[in-house]
Structures are given as C-alpha cells and as structure tokens.
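Observations on the three-dimensional arrangement
As a plain string of letters, each chain reads:
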Amino acid sequence: MDGYGISLVLGMLSTLKLTLCALGIGLALGLAGAVSKLSGFRVLRNTADALTIIIRGIPELLFVLGVYLGSSVVINNVSGYLGYDAYIEVNAFWAGVIALSLVFGAYGTEVFRGAILSVPKGQIKAAQAFGMTPFTIYKRIILPQMWRIALPGLGNLFMVLLKNTALLSVIGVPELMRNAESAVGFTKKPFLFYLAATCLYLGLTSISMAVVAWFEKRTWQGVKRGI
C-alpha cells in the first residue's frame with residue numbers, strides 16, 4: 001500500500017463518523033417533517049411539503065456544494081455587514097454533515113409519514129377514548145409501532161447515506177474516497193487504491209446490513225406478522 005493503508009483506514013473512520021452524525025440529525029429532521037406533514041396546521045404542512053420537494057429534487061452533489069458554498073457566502077456577508085472584515089472559513093466536515101442530514105431527513109420524512117399512517121386507527125381512537133393526550137398517544141401508541149414499520153425503509157436510506165459520504169470529497173472532507181484519490185495521485189496506482197476503497201465500503205455496508213437486520217428482528221419479537 002506504499003504507506004497509504006493507514007490513510008485509507010483513517011478515511012474509513014471519518015466516513016463512519018460522518019454517517020453517524022448525519023444519521024442522528026437526519027432522523028430527528030425526518031420525524032419532525034413527518035409530524036409536520038400530518039399536522040393540522042396548514043403552514044407546517046405546506047412548509048414540510050415544499051422543503052421535501054426541493055431537497056429531493058436537487059442532485060445530492062449539487063446540494064452538498066450549495067450548502068457548503070452558500071453557507072460560506074451567507075456567513076461572510078453577514079459578518080461583513082456587522083463590521084467583521086476577516087474571511088470566515090466554513091468547516092467542510094460540518095457543512096457536509098448538515099447537507100447529508102437534510103437529504104436523509106427529506107427522504108426519511110416520507111418513510112416516517114407512511115409508518116405513522118400504518119398504525120391501526122382503532123388503537124388511536126381507543127387511546128383517545130381513555131383520555132390520553134396527543135403527546136401520550138404518540139409516545140405510547142404510535143412511536144413504538146412506527147419504528148418497527150419504518151425500520152426497513154430507514155435501513156435502505158442508511159445505506160444510501162453511507163455511500164453518499166463519498167460526495168463530500170469534492171469539498172475537501174478527508175473521508176475514504178478523498179484519501180483514496182490522494183493515494184492514487186501520489187502513487188499512480190488507481191486500480192489498487194480504488195479496489196481497496198471498494199472493499200472497505202463493502203465491509204461497512206455489510207456490517208450495517210447485519211446491524212439493521214438485528215434491529216428488525218428485535219422490533220418484531222412478540223409480534224405476529226401479518227396482523
């Protein structure tokens with residue numbers, strides 16, 4: 001590996017860190033978006049609809065570049081307006097996390113919305129008859145069952161998120177793809193290092209699939225399928 005093996009491993013760890021950070025934020029955004037779409041407030045519904053349409057309609061690469069470059073322009077314009085003339089450099093790592101989180105959240109919104117609508121209406125009406133508040137109904141009736149229904153779809157989105165971290169190489173984030181490209185540039189051995197990166201990506205996705213399958217099995221314990 002001409003001394004670049006460690007660089008690839010560090011890139012893989014950076015990829016994993018990016019994925020987990022974006023996953024946590026994206027899940028929160030997706031759940032908030034689904035609740036907004038099912039809300040009785042028109043403003044929330046329209047806002048959530050518009051955001052999901054815009055984000056899902058833009059290629060991920062353009063969205064990453066837009067968030068990174070756009071945030072830099074906005075921050076520096078605002079700081080200049082406030083009298084601070086020094087250039088403020090946006091952290092590429094966190095700009096990438098925000099971009100991937102927004103993309104994951106936009107697609108996750110639809111997964112969560114479908115899962116919430118799949119919860120039997122009779123259970124919700126029974127909870128209302130017992131005098132449960134909307135918050136308690138979400139906490140005790142909807143959310144536990146929603147996760148079980150949404151998990152397969154979220155698992156697929158997680159795989160896409162993991163692979164989309166490669167897009168962040170264009171803004172200089174030292175993830176796996178970026179480090180592989182650097183190694184190729186110095187050693188002129190593209191097949192070796194791209195093959196190594198491919199194997200590392202396959203390893204991460206295989207482990208992720210096993211983890212998702214384990215969670216799916218756990219969530220269906222004690223539940224008879226088809227009911």
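Preceding block: the structure.
Now for a look at the structure at hand.

What counts and what doesn't
- Residues numbered from 1 in each chain as written.
- Predicted model: local features only at pLDDT ≥ 70, side-chain atom pairs only at ≥ 80, totals over all residues.
- Heavy atoms only, no water.
- Helix = DSSP H or I, 4+ residues; strand = E, 2+ residues; numbered from the N terminus.
- Expected span 1.5 Å × (residues − 1).
- Contact = heavy atoms within 4.5 Å.
- Core = buried A, V, L, I, M, F, W, Y, C linked by side-chain atoms within 4.5 Å.
- Buried < 20%, exposed > 50% of the residue type's maximum accessible area, 1.4 Å probe, protein only.
- Polar contact = N/O pair within 3.5 Å; in protein donor to acceptor, adjacent residues only side chain to side chain.
- Bend = angle between axes of the 7 residues up to and from the residue.
- Patch = residues over 30% accessible without salt bridge, like charges linked within 9 Å, V, L, I, M, F, W, Y side chains within 5 Å.
- Areas by Shrake-Rupley, 256 points an atom, 1.4 Å probe, with all protein chains shown as cover.
- Salt bridge = Lys/Arg side-chain N within 4 Å of Asp/Glu carboxyl O.
- Phe/Tyr/Trp six-rings, centres within 6.5 Å; stacked < 30°, edge-to-face > 60°.
- Lys NZ or Arg CZ within 6 Å of the ring centre and 35° of its normal.

What follows deals with helix 8 (residues 190-219). Taking 1.5 Å as the rise per residue, helix 8 with 30 residues should run 44 Å; its terminal C-alpha atoms sit 43 Å apart, in good agreement. Looking at the buried positions of helix 8, the neighbouring elements they touch are helix 1 (5-37), helix 6 (134-164) and helix 7 (176-187).

For the rest of this paragraph, the subject is the nonpolar core. Membership of the largest hydrophobic core comes to 37 residues, with the highest contact counts inside it found for Ile142, Leu168, Ile171 and Val173. Those elements giving two or more residues to this core turn out to be helix 1, helix 3 (60-81), helix 4 (92-118), helix 5 (121-129) and helix 6. Excluding residues that lie within four positions of it along the chain, Ile142 makes contacts with Ile116, Val119, Ile124 and Ile137. In terms of nonpolar packing, the next biggest core, distinct from the first, is built from 10 residues, Ala180, Ala183, Val184 and Tyr201 among them.

Our next topic: the side chain of Thr52. Its location among the elements puts Thr52 in helix 2 (residues 42-57). Only 3.3 Å separates the side chain of Thr52 from the side chain of Lys37, close enough to count as a polar contact. Within polar-contact distance, the side chain of Thr52 engages the backbone oxygen of Ala48 at 2.9 Å. If near-sequence neighbours (up to four positions away) are discounted, Thr52 is found in contact with Lys37, Ala106, Thr109 and Glu110.

Time to look at helix 4. The first and last C-alpha atoms of helix 4 sit 39 Å apart over 27 residues, in line with the 39 Å expected at 1.5 Å per residue. A maximum bend of about 30° is found in helix 4 at Gly108.

Attention now moves to a nonpolar patch on the surface. On the surface, a cluster of nonpolar side chains totalling about 390 Å² of accessible area is made up of Ile6, Val9, Leu10 and Leu13. The residue Ile6 is located in helix 1 in this model.

With that out of the way, let us pick up the environment of Lys121. Turning to its location among the elements, Lys121 is positioned in helix 5. The spacing of Lys121 and Ile142 is 21 residues in sequence and 9.9 Å in space, taken between C-alpha atoms.

What follows concerns the packing of aromatic side chains. When we look at a pair of aromatic rings, we describe it by the centre distance and by the angle of the planes. According to the stated counting rule, one finds 5 aromatic pairs in the structure shown. Seen from their ring centres, Tyr4 and Phe193 are 6.0 Å apart, and the 90° between their planes marks the pair as edge-to-face. Of this pair, Tyr4 sits in the segment before helix 1 while Phe193 is found in helix 8, placing the two residues 189 residues apart along the sequence. For Tyr4, a relative accessible area of 23% gives the class partly exposed. Here the aromatic rings of Phe93 and Trp94 are separated by 5.2 Å at their centres, their planes lie at 80°, and the arrangement is edge-to-face. The buried category is assigned to Phe93, whose relative accessible area is 16%. What makes Trp94 partly exposed here is its relative accessible area of 44%. An aromatic cluster is defined as three or more aromatic residues linked by ring pairs; in this entry it consists of Tyr4, Phe186 and Phe193. For Lys17, the ring lying beneath its charged end belongs to Phe93, and the centroid distance is 5.2 Å.

Coordinates in, geometry out; function isn't part of it.
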